[in-house]
Amino acid sequence: MSIHPCADGVWEGLRLAPGLARADVAVGAGERASLVVQGGVLRWVGPSAALPAGYARLARRDGGGLLATPGLVDCHTHLVYGGQRANEFAMRLAGASYEEVARAGGGIVSSVRATREASEDELFALALPRLSALLAEGVCAIEIKSGYGLTLEHERKQLRVARRLGQALGVTVRTTFLGAHALPPEYAGRSQDYTDAVCDEMLPALAAEGLVDAVDAFCERIAFTLAETRQVFQAAQRLGIPVKLHAGQLSDMGGAQLAARHGALSCDHIEHLSQEGIDAMKAAGTVAVLLPGAYYTLRDTHLPPIAQLRAAGVPMAVSTDHNPGTSPALSLLLMANMACTLFRLTVPEALAGITTHAARALGLSDTHGLIAAGRPANFVLWSVGEAAELAYWLGHNPARTIVRQGRIVKG
Ligand code: NIG
Ligand code: FE
């Protein structure tokens, strides 16, 4: 039994954020809208004045003119890990690059050490406040990757924690197996052997346990080659699991084209991305996931090709990429702000990026990222004058009411 009250009833007197709702009856400019929730599901969306008679006896909830958006979706996180890496932050401030830190034994591998040392319960306790911070801003669906275990046992531990977090907090969690994140030290010089273990042992075992919703890899000169990434994708495909890719963060290895050929849900980072990669993503329906927190933290200056992605019509999502190395970010609204300020997204693009397109990057287009009848009730009522404020404030959370999985979890 959830401790949170049920959200069933008629939520009236709302404003709908432009582009983020599909009304059953068109809502005119300046007109107040209602959302009908029954059995935890959105049943009707339209003008308050046009509420169908059949819903008239339901409990009324005054929306007080608040702005309604769908629940936010954070489509790329590494939320479960041991330790933290503030020391690397200091190293980078002193001039070291991410690549230099990684080659010096820091980077992902240092989080692997701390994650392996932590028990499942410890990892759960560490991740819980991070997830709570994201949920407080209205996140209703989140992706959580493995990739700091790099053995079957420790990758399983991370993915189990991700599933437990979803159950404990009543939030949709999509798990992604990122065994091909970094070469673990015990495989030094044996990259092919490790890739074989990822594909032939770890992935099939974890998939059989129901722990893998998608498969990801880090295709980069400090991580895995194009050929190794292809092998990972083929293993995923044999099991019928969708793929996504960390592509073009430091250099363009052609990962986007490869991912698109495998029908990838998304290519993420993509600061370094060719027109050929963009065209392949467009043709495959692959979402471009922009990660301004990592760009900012690494003081990157190589911008993703936003204008070309926009011109090609590739859907752009925006995510925290929460991780202890390159993006210790716990605010998706701040990422929307950074996507506008650093990457020059428009406000509507940024808001679609943390809702509709983020849902698509997780294969959740039918259930998340849009206010529409027939979907589970996941929405946020914001105390703002206009939608642009959601990407405007720095370090302010205007979420007044949050309905997640049909429950009023705030407000
Ligand atoms: O998305 N690029 C690779 N993976 C993470 C960084 C992980 C880490 O440094 O621990 C990212 O930025
Ligand atoms: Fe990442």
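Cut-offs applied
Residues numbered from 1 in each chain as written. Chains lettered and ligands numbered in written order. Predicted model: local features only at pLDDT ≥ 70, side-chain atom pairs only at ≥ 80, totals over all residues. Heavy atoms only, no water. UniProt positions renumbered as here; feature names shortened; annotations may be inferred. Polar contact = N/O pair within 3.5 Å; in protein donor to acceptor, adjacent residues only side chain to side chain. Helix = DSSP H or I, 4+ residues; strand = E, 2+ residues; numbered from the N terminus. Contact = heavy atoms within 4.5 Å. Near = heavy atom within 4 Å. Areas by Shrake-Rupley, 256 points an atom, 1.4 Å probe, with all protein chains shown as cover. Nonpolar A, V, L, I, M, F, W, Y, C, P; charged D, E, K, R; others polar. Phe/Tyr/Trp six-rings, centres within 6.5 Å; stacked < 30°, edge-to-face > 60°. Buried < 20%, exposed > 50% of the residue type's maximum accessible area, 1.4 Å probe, protein only. Lys NZ or Arg CZ within 6 Å of the ring centre and 35° of its normal. Axes fitted to C-alpha atoms, helices over the stretch in contact; angles between N-to-C directions. Left-handed = near helix turned anticlockwise from the far one by under 90°. Donors = N, O, S within 2.8 Å, 3.2 Å for Na, K, Ca; no water. Pairing = 2+ DSSP bridges. Right-handed = clockwise from strand over helix to strand, strands pointing away. Salt bridge = Lys/Arg side-chain N within 4 Å of Asp/Glu carboxyl O.

The name an unreviewed UniProt entry assigns to the protein is Imidazolonepropionase, from the organism Alicycliphilus denitrificans. Here is the UniProt Catalytic activity (unreviewed entry) comment for the protein, exactly as written: "4-imidazolone-5-propanoate + H2O = N-formimidoyl-L-glutamate". One UniProt comment on the protein, placed under Pathway (unreviewed entry), says "Amino-acid degradation; L-histidine degradation into L-glutamate; N-formimidoyl-L-glutamate from L-histidine: step 3/3."

Chemist: Before we go on, may I ask you to explain the UniProt feature "binding site: Zn(2+)" (unreviewed entry) in the protein in this structure?
Modeler: Summarizing the sequence annotation, UniProt attributes the feature "binding site: Zn(2+)" (unreviewed entry) to His76, His78, His246 and Asp321 in the numbering used throughout. A maximum C-alpha distance of 12.1 Å is found for the annotated residues, which run over 246 residues; spatially they form one tight group. Of note is the side chain of His246, whose polar atom sits 3.0 Å from the side chain of Asp216. In this structure, Asp321 sits in the loop between strand E14 (316-318) and helix H12 (332-341). Residue contacts for Asp321: discarding those within four places in its chain leaves His76, Thr77, His78, His269, Leu291, Ala294, Thr326 and Ser327.

Chemist: Sorry, what's going on with the site of ligand 1 here?
Modeler: Taken together, 15 residues lie around ligand 1, and Arg85, Tyr98, Tyr148, Gln249 and Thr326 are the ones closest in. Here an oxygen atom of ligand 1 sits 3.1 Å away from a polar atom, N or O, in the side chain of His246. A distance of 2.7 Å separates a nitrogen atom of ligand 1 from a polar atom in the side chain of Gln249. Considering ligand 1 on its own, with 330 Å² of exposed area, one finds that the protein chains cover 100% of that surface. Among the residues forming the shell around ligand 1, the class breakdown is 4 nonpolar, 9 polar and 2 charged.

Chemist: When you look at the packing of aromatic side chains in this model, what are you seeing that I'm missing?
Modeler: In this structure the tally under the stated criterion is 6 aromatic pairs. With a centroid separation of 4.9 Å and an interplanar angle of 65°, the aromatic rings of Tyr392 and Trp393 are classed as edge-to-face. On the accessibility criterion, Trp393 (37% relative accessible area) is partly exposed. Of the aromatic side chains, those joined through ring pairs into one cluster are Tyr187, Tyr194 and Phe224. Positioned above the aromatic ring of Tyr81 is the side chain of Arg130, whose terminal nitrogen or guanidinium carbon lies 3.7 Å from the ring centre.

Chemist: Looking at this model, I keep getting lost on the packing of helix H5 (residues 152-169) against helix H6 (residues 191-208). Mind explaining?
Modeler: Where H5 contacts H6, the axes come no closer than 10 Å and their chain directions differ by 35°. Here H5 runs over H6; the crossing is right-handed. From H5, Leu152, Glu155, Arg156 and Leu159 reach across to H6, where they touch Met202, Ala205 and Leu206.

Chemist: Would you mind showing me how to read the UniProt feature "binding site: Fe(3+)" (unreviewed entry) in the protein here?
Modeler: The feature "binding site: Fe(3+)" (unreviewed entry), as given by UniProt, occupies His76, His78, His246 and Asp321 in the numbering adopted here. Mapped onto the elements of the fold, His76 is located in the loop between strand E7 (72-74) and helix H1 (86-93). What makes His76 buried here is its relative accessible area of 0%. Not counting residues within four places of it along the chain, the set of residues in contact with His76 comprises Glu143, Lys145, His246, Asp268, His269, Val289, Leu291, Ser319, Thr320, Asp321 and His322. At a separation of 3.2 Å, a polar atom in the side chain of His76 contacts the side chain of His78. Along the chain, His246 falls in strand E11 (residues 244-247). The class of His246 is buried, set by a relative accessible area of 3%. Setting aside its immediate chain neighbours within four residues, His246 contacts His76, His78, Lys145, Leu178, Asp216, Ala217, Phe218, Cys219, Asp268 and His269.

Chemist: Whenever I open this one, the coordination of the iron ion (ligand 2) confuses me. Can you help?
Modeler: In an ideal tetrahedron of four donors about a metal, each angle is 109.5 degrees. In an ideal octahedron of six donors, the angles are 90 or 180 degrees. The coordination sphere of the iron ion (ligand 2), as far as protein atoms go, consists of His76 (NE2), His78 (NE2), His246 (NE2) and Asp321 (OD), spread over 2.1 to 2.4 Å. The sequence pattern formed by the donor residues of the iron ion (ligand 2) is H-x1-H-x167-H-x74-D. Placement of the pair is His78 in the loop between E7 and H1 and Asp321 in the loop between E14 and H12, with a sequence separation of 243 residues. When sorted by exposure, His78 lands in the same class as Asp321, which is buried.

Chemist: Before we go on, may I ask you to explain the pairing of strand E13 (residues 287-290) in this structure?
Modeler: Residues in a regular strand point their side chains to alternate faces of the sheet. Because side chains alternate across E13, one face comprises the buried residues Val287 and Val289, and the other comprises Ala288 and Leu290, equally buried. In terms of strand pairing, strand E12 (residues 266-269) meets E13 through 3 bridges, oriented parallel. Note that in E13 the partner of Cys267 across the bridge is Ala288. In this fold, the crossover linking E12 to E13 by way of helix H9 (residues 275-284) has right-handed handedness. Judged from the 3 bridges that link them, E13 and E14 form a sheet pairing that is parallel. Counted as the bridge partner of Ala288 is Met316 from E14.

Chemist: How do you make sense of the pattern of salt bridges when you look at a structure like this?
Modeler: Where charged atoms from two side chains of opposite charge approach closely, those side chains can pair. Summed over the entire model, instances satisfying the criterion amount to 14 salt bridges. With a shortest N-O distance of 2.9 Å, Glu12 and Arg60 are connected by a salt bridge. Within this pair, whereas Glu12 is found in strand E1 (residues 9-16), its partner Arg60 is found in strand E5 (residues 60-62), the two being separated by 48 residues in sequence. Of the residues examined, Glu12 reaches a relative accessible area of 22% and is grouped as partly exposed. Take Arg60: its relative accessible area is 44%, and that puts it in the partly exposed class. Linking Glu120 and Arg164 is a salt bridge whose minimum nitrogen-to-oxygen distance equals 3.1 Å. Taken as a pair, Glu120 in helix H4 (residues 120-136) and Arg164 in helix H5 lie far apart in primary sequence, 44 residues in all. Residue Arg164 is classed as partly exposed on the basis of its relative accessible area, which comes to 28%.

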